[in-house]
Amino acid sequence: MRRRFRRPKKFKVIEPKFKANEKILSPRVFVIDENNVSLGDMDTAKALDLANERGYDLVEVSPKANPPVCRLIDFGKFQYQQAKQEQQAKAKQKKVDTKGVRIGLRTDTHDLHFKKVQSEKFLKKGHKVKIEIVLRGREKAHQVLAKQSLKEFLLSIEVPHTVEDEIKSFPGGFNTLIAPE
């Protein structure tokens, strides 16, 4: 049996968000101590000595400032707090789903009513709704009728909504996107 050569997987190098201690490359830094007291602008080597003397790490919290702002804090504790803050921010984000409703050119009135009720339910829950009218075969010759049918369907929806994307053509028909107000 023939053996195949397997290339080693390439791993992404994840750079830390904050530089600490010897990884700070700037020659001068603005230092804030553990009690939030500003110590001013000083050499990085002197700031590192001060951090070691007090038993803390020198962490670059604002690298884009001129000179970069560094704090005397416990780096592990700082990373833990940052991870917690990111997790809380992620939990507070509201994810809006886009639901889809498909109708056809020959869809019966009862089915249209059912899809209208479904769309209204999605809008009440706060989701965006993508409404598509699908054209098959010879139906593609009646694009004006399809556009008119889609406009009528939009007018039939009674829940207050805004049209985010106007009616657009795609290879299989037309679609539009509506969102709750």
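Before reading further, recall that the structure is shown in the block above.
Residues numbered from 1 in each chain as written. Predicted model: local features only at pLDDT ≥ 70, side-chain atom pairs only at ≥ 80, totals over all residues. Heavy atoms only, no water.

Details of the environment of Lys 124
Turning to step 1, where the next piece is worked out: Take Lys 124: it is sitting in helix H3 (residues 109-124).
Turning to step 2, where the next piece is worked out: Taking C-alpha positions, Lys 124 is 9.9 Å from Ala 179, a pair spaced 55 residues apart along the chain. (Helix = DSSP H or I, 4+ residues; strand = E, 2+ residues; numbered from the N terminus.)

Observations regarding the side chain of Asn 21
Turning to step 1, where the next piece is worked out: Mapped onto the secondary structure, Asn 21 falls in the segment before strand S1 (28-32).
Turning to step 2, where the next piece is worked out: You can call Asn 21 buried: its relative accessible area is 17%.
Turning to step 3, where the next piece is worked out: Aside from chain neighbours lying at most four places away, what touches Asn 21 is Leu 48, Asp 57 and Leu 58. (Buried < 20%, exposed > 50% of the residue type's maximum accessible area, 1.4 Å probe, protein only. Contact = heavy atoms within 4.5 Å.)

As for the sheet that holds S1
Turning to step 1, where the next piece is worked out: Pairing within the open sheet is mixed, and its four strands lie in the order S2-S1-S4-S3. With partners counted over all chains shown, the strands left at the sheet margins are strand S2 (38-43) and strand S3 (57-62), one partner each. Sheet twist, expressed as the mean angle between neighbouring strand axes with direction ignored, is 35°.
Turning to step 2, where the next piece is worked out: Alignment of S3 against strand S4 (residues 69-73), held across five bridges, turns out to be antiparallel. Bridge pairing in S4 links Val 59 to Arg 71.
Turning to step 3, where the next piece is worked out: Packing of helix H1 (residues 44-54) onto the sheet brings it into contact with S1, S2, S3 and S4, and relative to S2 it is tilted by some 130°.
Turning to step 4, where the next piece is worked out: Sheet strands touched by helix H2 (residues 75-92): S3 and S4. Its angle to S3, the strand with the most contacts, is close to 35°. (Pairing = 2+ DSSP bridges. Axes fitted to C-alpha atoms, helices over the stretch in contact; angles between N-to-C directions.)

Considerations on the pattern of salt bridges
Turning to step 1, where the next piece is worked out: Per the stated rule, a full pass over the model turns up 12 salt bridges.
Turning to step 2, where the next piece is worked out: For Arg 102, the salt bridge is made with Glu 132, and the minimal N-O distance between the two is 2.8 Å. In this pair, Arg 102 sits in strand S5 (residues 98-104) while Glu 132 sits in strand S6 (residues 128-134), placing the two residues 30 residues apart along the sequence.
Turning to step 3, where the next piece is worked out: A relative accessible area of 54% places Arg 102 in the exposed class.
Turning to step 4, where the next piece is worked out: Among the residues examined, Glu 132 registers a relative accessible area of 13% and is labelled buried.
Turning to step 5, where the next piece is worked out: Here the residues in one salt-bridge network are Arg 28, Asp 41 and Asp 43, joined through shared partners. (Salt bridge = Lys/Arg side-chain N within 4 Å of Asp/Glu carboxyl O.)

No statement about biological role is implied by the geometric values presented.
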